Amino acid sequence: MKNKYRLSHSEIAIKARSIRKKIIEMNAHAGAGHTGTDLSEVDILATLYFHILNVDSERPDDPDRDRFILSKGHGAGGYYCTLAEAGFIEEELLQTYLQADSKLPGHPVRQKTAGVELNTGALGHGLPVAFGLALAAKKQNKSWKSYVLLGDGELGEGSNWEAAMAASHYKLDNLTAIIDRNTLQLADRTEKIMGLEPLADKWKAFGFEVHHADGNDPQSLLECFASLEVGNNRPKLIIARTTKGKGISFIEDKAAWHHRIPVGNEVFAAIKELE
Amino acid sequence: MKAGLRETMVEVMTEEAEKGKNLVVMVSDSTSTSKIQPFQEKFPEKLVNVGIAEQNLIGAAAGMALGGMIPITANAAPFLIGRSNEQVKNDICYSNTNVKLVGLNPGFAYGPLGPTHHCIDDISIMRGFGNITIFAPQDPREVRALFHYLLSHEGPAYIRLDSLSCENLPGTSEIFKPGALTFHRGGRGDDSDLAIICLGTASHAGLAAAERLAAEGINAAVVGISSIRPIDRGALSAVMASCGRVLTVEEHSAHGGIGSLAAEVIAENGLSAILRRLAVPEGQFAPASPVPAIRKGYQLDSEGIVAATHAFLRETRKDD
């Protein structure tokens, strides 16, 4: 199974712009959401779904598909808009985001939404599960890979470090973790709440092959994915530097927009910046 | 003939793996606790040890299940239920992954090691979670039947598995029927003086007590509960209504276990039955003592059940 799009970086950037527009419209319509979080991850998700992940919206349960887990489950809005852009769910469904018994609840639910692999939202769950998925592939001699997108704030959860230790111990070079390093968490800057740096050194010490990318630039992300070493028995980590709220000037890099939504003229101003 | 419950579980895993079942046993350093060595020697590649890291154990098991395998986790019940509680809730229950969680040595099996190692809240906690089925097998025959059943049925399950070695009980079956009550002695509409309803292996003490009571002319029905969810509430209602007096016995807190379950069924069905619960009273930790001493303290051994029955019958004389 291959990714059916394999888009170039400039084509991915166009998709990302379309996803951002969907996020603004969807969150404004729902009257709730995590706008800053959603916008932060868009370019990473667009690069994954339109080039990297060997998944197919026509066969979302194909046993040979790559597995992707959004560990930062509060980024559900950005995830749903990407799944819609990639054909996993219908565009009209975005109008039901956060409504009663919607197929698009506030955090991803695998029983509800095509393409979602795990129910997330509670933090620190994605990497242990991705570790299990990668180990299952090795145990069964399967070639699919497992990917997980982590928030930087959620690295405060110790379960991540348990899984990191184990992924390295079991030599899982079929596991790629990506950190959405926007340096903001709910309350304030990550470095003020609970310092993460030197982040790369920590993961290296845990046995990971560590890479850096501009997480809001599909070209940088594609180059980074292409540089991952094959068959070296080491799990991969990409520290993707991002800007929370990326793409909308008045939302960018503001902790208050972690779970704010655009209202009134903000909606028009945001859409205008994307056109 | 006596057999260990854990050893029996491992035998079934080995048989199923030999038949080609795509299972994987996952432990958190608990290779000795789970008695897994015979399986490990035959199928080293089907044993995953994640080290002392229960959160990762459970998350990883969910991942293995999503990757198409049948993971069975086996570690000490207090840490499975306590340390990885949110992983159990979200990764196993809410995500509805095909993981079989085995909680080893529950209740106060660790005796003098104390309340950090006692697990008297597992049934209560697991009953609070959605999706998952909950079992507490009573004897080696039922362990065998249960694990064969679990490995051929999709869906998350919690199994409370005692450390003991014991004989088979009269009422258990070679075929596991989820939801069914186990009728060890009476209880099917006969005129018993009371029903002793036991959780899992507490049925052994319950039955021994009933035999002593019978010698005194007291007719006690003994019913085992090994399938807590699902459970046949209709059958449970019928037993309790016909006996009129109900004594529940469990190595668990009185809150949220089968004592609570019996109370719910009595109240919801408007049954005319009086309930007494033998358990660790709500709000208490059990003392750090040898297991027989703790059981004696809460009247959970056969002598205690006999004494509690005498008191119960005195307080509720039917001919008054």
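Anyway, here's the lowdown on the structure attached to this text.

Rules and cut-offs
- Residues numbered from 1 in each chain as written.
- Chains lettered and ligands numbered in written order.
- Predicted model: local features only at pLDDT ≥ 70, side-chain atom pairs only at ≥ 80, totals over all residues.
- Heavy atoms only, no water.
- Helix = DSSP H or I, 4+ residues; strand = E, 2+ residues; numbered from the N terminus.
- Buried < 20%, exposed > 50% of the residue type's maximum accessible area, 1.4 Å probe, protein only.
- Contact = heavy atoms within 4.5 Å.
- Areas by Shrake-Rupley, 256 points an atom, 1.4 Å probe, with all protein chains shown as cover.
- Buried area = accessible area lost by both parts, 1.4 Å probe.
- Polar contact = N/O pair within 3.5 Å; in protein donor to acceptor, adjacent residues only side chain to side chain.
- Nonpolar A, V, L, I, M, F, W, Y, C, P; charged D, E, K, R; others polar.
- Core = buried A, V, L, I, M, F, W, Y, C linked by side-chain atoms within 4.5 Å.
- Pairing = 2+ DSSP bridges.
- Axes fitted to C-alpha atoms, helices over the stretch in contact; angles between N-to-C directions.

1. With respect to the overall build of chain B
Right, so step 1: Summing up its helical and strand segments, chain B has twelve helices and 14 strands in all.
Right, so step 2: Each principal axis of the C-alpha distribution contributes one length, and for chain B these read about 65 × 40 × 35 Å.
Right, so step 3: Across the 320 residues in chain B, those meeting the buried criterion constitute 60%.
Right, so step 4: Sequence separation of 24 or more characterises 79% of the internal contacts of chain B that already satisfy a separation of 6 or more.
Right, so step 5: Of the accessible surface of chain B, which amounts to about 11,800 Å², a share of 50% is contributed by carbon and sulfur atoms.

2. Side note on the interface of chain B and chain A
Right, so step 1: Each partner contributes residues to the interface: chain B has 27 residues there, and chain A has 26 residues.
Right, so step 2: Summed over both partners, the interface of chain B with chain A comes to about 2,100 Å²; 53% of that surface belongs to carbon and sulfur atoms.
Right, so step 3: The interface formed by chain B and chain A contains twelve residue pairs in polar contact (both at pLDDT 80 or more).
Right, so step 4: It is helix α3 (residues 54-66) of chain B that provides the largest number of residues to the side of chain B that touches chain A, a total of nine residues.
Right, so step 5: Counted by class, the side of chain B that touches chain A contains ten nonpolar, 13 polar and four charged residues.

3. So, the nonpolar core
Right, so step 1: Ranked by internal contacts, the top residues of the largest apolar core, which has 83 residues, are A:W203 and B:Y158.
Right, so step 2: Among the elements that take part in this core, helix α4 (residues 126-139) of chain A stands out by supplying nine residues, more than any other.
Right, so step 3: Discounting chain neighbours no more than four positions away, the residues touching A:W203 are A:L127, A:L150, A:L155, A:W161, A:A164, A:I179, A:F208, A:V210 and A:L237.
Right, so step 4: Core analysis: the second largest hydrophobic core is formed by 51 residues, A:I23, A:V55, A:I178 and A:W257 among them.

4. Details of the sheet that holds strand β14 (residues 274-280) of chain B
All names here are of chain B.
Right, so step 1: Taken together, five strands build an open sheet; the order of strands is β9-β11-β10-β13-β14 and the sheet is mixed. The sheet is open, and its two edges are formed by β9 (182-185) and β14, each paired on a single side. Taking each pair of neighbouring strands and ignoring which way they run, the sheet shows an average axis angle of 20°.
Right, so step 2: Relative to strand β11 (residues 220-225), strand β10 (residues 194-199) is paired through six bridges, and the arrangement is parallel. Paired with L199 across the two strands is I225, which belongs to β11.
Right, so step 3: In the packing of helix α8 (residues 202-215) onto the sheet, contacts are made with β9, β10, β11 and β13 (245-253), and the angle to β10 comes to roughly 155°.

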